[in-house]
Amino acid sequence: LIIGVVFALFIFVFSELIVQIFFGSDYSQTSTYLMILALAIPLRFLSSSVGAVLITQTYMKKKVSYMFIVALFNITLNIIFIPQYGAFSAALSTLLSEFLLMLLFLYGVSKYVFGNDTWKNWFKFKIN
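Residues numbered from 1 in each chain as written. Predicted model: local features only at pLDDT ≥ 70, side-chain atom pairs only at ≥ 80, totals over all residues. Heavy atoms only, no water.

Undergrad: Teacher, can you tell me more about the nonpolar core here?
TA: The tendency in soluble globular proteins is for nonpolar side chains to be buried as a group. Within the largest apolar cluster, 18 residues are counted, with the highest numbers of intra-cluster contacts made by V50, L54, Y66, L95, M102 and F105. For this core, the elements supplying multiple residues, two or more each, are α3 (30–38), α4 (40–53), α5 (60–85) and α6 (87–114). Looking at which element gives the most residues to this core, the answer is α6, with 8 residues. Ignoring sequence-local partners within four residues, the contact set of L95 consists of I36, L39, A40 and L43. (Core = buried A, V, L, I, M, F, W, Y, C linked by side-chain atoms within 4.5 Å. Buried < 20%, exposed > 50% of the residue type's maximum accessible area, 1.4 Å probe, protein only. Helix = DSSP H or I, 4+ residues; strand = E, 2+ residues; numbered from the N terminus. Contact = heavy atoms within 4.5 Å.)

See the structure below:
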(Lines give C-alpha, C1' and ligand atoms only; values in the text may rest on other atoms or scores of the structure.)
Protein backbone atom coordinates (compact mmCIF):
# COMPACT_ATOMS: atom_id res chain seq x y z
CA LEU A 1 0.00 0.00 0.00
CA ILE A 2 2.82 2.39 0.87
CA ILE A 3 4.57 1.71 -2.43
CA GLY A 4 1.29 2.27 -4.27
CA VAL A 5 0.77 5.59 -2.49
CA VAL A 6 4.31 6.71 -3.38
CA PHE A 7 3.79 5.87 -7.07
CA ALA A 8 0.38 7.54 -7.06
CA LEU A 9 1.75 10.72 -5.51
CA PHE A 10 4.61 10.81 -7.99
CA ILE A 11 2.31 10.44 -11.00
CA PHE A 12 -0.27 12.81 -9.51
CA VAL A 13 2.29 15.56 -8.89
CA PHE A 14 4.19 15.12 -12.13
CA SER A 15 1.28 14.25 -14.44
CA GLU A 16 1.58 17.46 -16.47
CA LEU A 17 5.30 16.94 -16.97
CA ILE A 18 4.83 13.27 -17.89
CA VAL A 19 2.22 14.13 -20.51
CA GLN A 20 4.36 16.99 -21.83
CA ILE A 21 7.43 14.76 -22.22
CA PHE A 22 5.69 11.79 -23.85
CA PHE A 23 2.91 13.43 -25.84
CA GLY A 24 3.63 17.15 -26.12
CA SER A 25 1.56 20.21 -25.36
CA ASP A 26 -1.28 19.16 -27.68
CA TYR A 27 -2.36 16.62 -25.06
CA SER A 28 -1.93 18.76 -21.94
CA GLN A 29 -5.57 18.27 -20.87
CA THR A 30 -4.94 14.54 -20.49
CA SER A 31 -2.86 15.25 -17.38
CA THR A 32 -6.18 15.63 -15.54
CA TYR A 33 -7.15 12.10 -16.54
CA LEU A 34 -3.75 10.82 -15.51
CA MET A 35 -4.18 12.46 -12.10
CA ILE A 36 -7.51 10.66 -11.62
CA LEU A 37 -6.02 7.34 -12.73
CA ALA A 38 -3.06 7.85 -10.38
CA LEU A 39 -5.48 7.60 -7.47
CA ALA A 40 -6.30 4.06 -8.57
CA ILE A 41 -2.70 2.86 -8.12
CA PRO A 42 -2.85 2.27 -4.34
CA LEU A 43 -6.22 0.59 -4.77
CA ARG A 44 -4.74 -1.77 -7.37
CA PHE A 45 -1.73 -2.55 -5.16
CA LEU A 46 -4.02 -3.38 -2.25
CA SER A 47 -6.54 -5.37 -4.26
CA SER A 48 -3.77 -7.37 -5.93
CA SER A 49 -2.34 -8.32 -2.57
CA VAL A 50 -5.69 -9.16 -1.04
CA GLY A 51 -6.87 -10.92 -4.19
CA ALA A 52 -3.82 -13.18 -4.15
CA VAL A 53 -5.32 -14.95 -1.15
CA LEU A 54 -8.39 -15.78 -3.22
CA ILE A 55 -6.44 -18.00 -5.62
CA THR A 56 -5.98 -20.62 -2.92
CA GLN A 57 -8.21 -23.64 -2.39
CA THR A 58 -11.65 -23.23 -3.94
CA TYR A 59 -11.83 -19.44 -3.75
CA MET A 60 -10.81 -18.81 -7.36
CA LYS A 61 -14.46 -18.95 -8.46
CA LYS A 62 -15.26 -16.21 -5.95
CA LYS A 63 -12.40 -14.08 -7.23
CA VAL A 64 -13.48 -14.48 -10.84
CA SER A 65 -17.08 -13.67 -9.97
CA TYR A 66 -15.98 -10.47 -8.19
CA MET A 67 -13.90 -9.51 -11.23
CA PHE A 68 -16.89 -10.21 -13.50
CA ILE A 69 -19.13 -7.97 -11.37
CA VAL A 70 -16.58 -5.17 -11.56
CA ALA A 71 -16.18 -5.59 -15.32
CA LEU A 72 -19.95 -5.28 -15.78
CA PHE A 73 -19.97 -2.26 -13.47
CA ASN A 74 -17.20 -0.59 -15.47
CA ILE A 75 -18.76 -1.32 -18.85
CA THR A 76 -22.13 -0.03 -17.66
CA LEU A 77 -20.64 3.20 -16.34
CA ASN A 78 -18.71 3.69 -19.57
CA ILE A 79 -21.76 3.10 -21.79
CA ILE A 80 -23.84 5.53 -19.74
CA PHE A 81 -21.35 8.33 -19.12
CA ILE A 82 -18.69 8.41 -21.85
CA PRO A 83 -21.03 9.70 -24.59
CA GLN A 84 -21.94 12.70 -22.45
CA TYR A 85 -18.81 13.36 -20.38
CA GLY A 86 -16.01 11.80 -22.43
CA ALA A 87 -12.61 10.77 -21.14
CA PHE A 88 -13.13 12.32 -17.72
CA SER A 89 -15.94 9.85 -17.00
CA ALA A 90 -13.84 6.97 -18.35
CA ALA A 91 -11.05 7.79 -15.89
CA LEU A 92 -13.52 8.22 -13.06
CA SER A 93 -15.30 4.93 -13.83
CA THR A 94 -11.92 3.18 -13.79
CA LEU A 95 -11.18 4.66 -10.38
CA LEU A 96 -14.59 3.62 -9.05
CA SER A 97 -14.16 0.13 -10.51
CA GLU A 98 -10.79 -0.30 -8.81
CA PHE A 99 -12.35 0.78 -5.52
CA LEU A 100 -15.22 -1.68 -5.95
CA LEU A 101 -12.81 -4.52 -6.79
CA MET A 102 -10.77 -3.80 -3.68
CA LEU A 103 -13.94 -3.81 -1.54
CA LEU A 104 -15.18 -7.06 -3.05
CA PHE A 105 -11.82 -8.77 -2.55
CA LEU A 106 -11.69 -7.56 1.06
CA TYR A 107 -15.23 -8.82 1.56
CA GLY A 108 -14.36 -12.22 0.10
CA VAL A 109 -11.21 -12.63 2.14
CA SER A 110 -13.01 -11.53 5.28
CA LYS A 111 -16.02 -13.77 4.71
CA TYR A 112 -14.45 -16.93 3.27
CA VAL A 113 -10.78 -17.05 4.22
CA PHE A 114 -9.67 -15.24 7.39
CA GLY A 115 -12.87 -14.01 9.04
CA ASN A 116 -12.28 -11.33 11.66
CA ASP A 117 -8.54 -12.01 11.50
CA THR A 118 -8.55 -10.23 8.12
CA TRP A 119 -8.37 -6.88 9.88
CA LYS A 120 -5.83 -7.91 12.51
CA ASN A 121 -2.65 -5.80 12.48
CA TRP A 122 -3.74 -3.68 9.50
CA PHE A 123 -2.74 -0.43 11.11
CA LYS A 124 0.36 -1.58 12.95
CA PHE A 125 3.44 -0.45 11.10
CA LYS A 126 6.67 -2.00 12.23
CA ILE A 127 9.96 -1.08 10.62
CA ASN A 128 12.92 -3.26 11.54
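There's more to say after this.
Undergrad: Looking at this structure, I do not really get the pattern of salt bridges. What am I missing?
TA: Pairing is possible between side chains of opposite charge, provided their charged atoms come close. Summed over the entire model, instances satisfying the criterion amount to 1 salt bridge. The residue E98 makes a salt bridge to R44 at a minimum N-O spacing of 2.6 Å. Here E98, found in helix α6, pairs with R44, found in helix α4; they are 54 residues apart in sequence, far enough to count as distant. Of the residues examined, E98 reaches a relative accessible area of 12% and is grouped as buried. By relative accessible area, R44 is classed as partly exposed at 40%. (Salt bridge = Lys/Arg side-chain N within 4 Å of Asp/Glu carboxyl O.)

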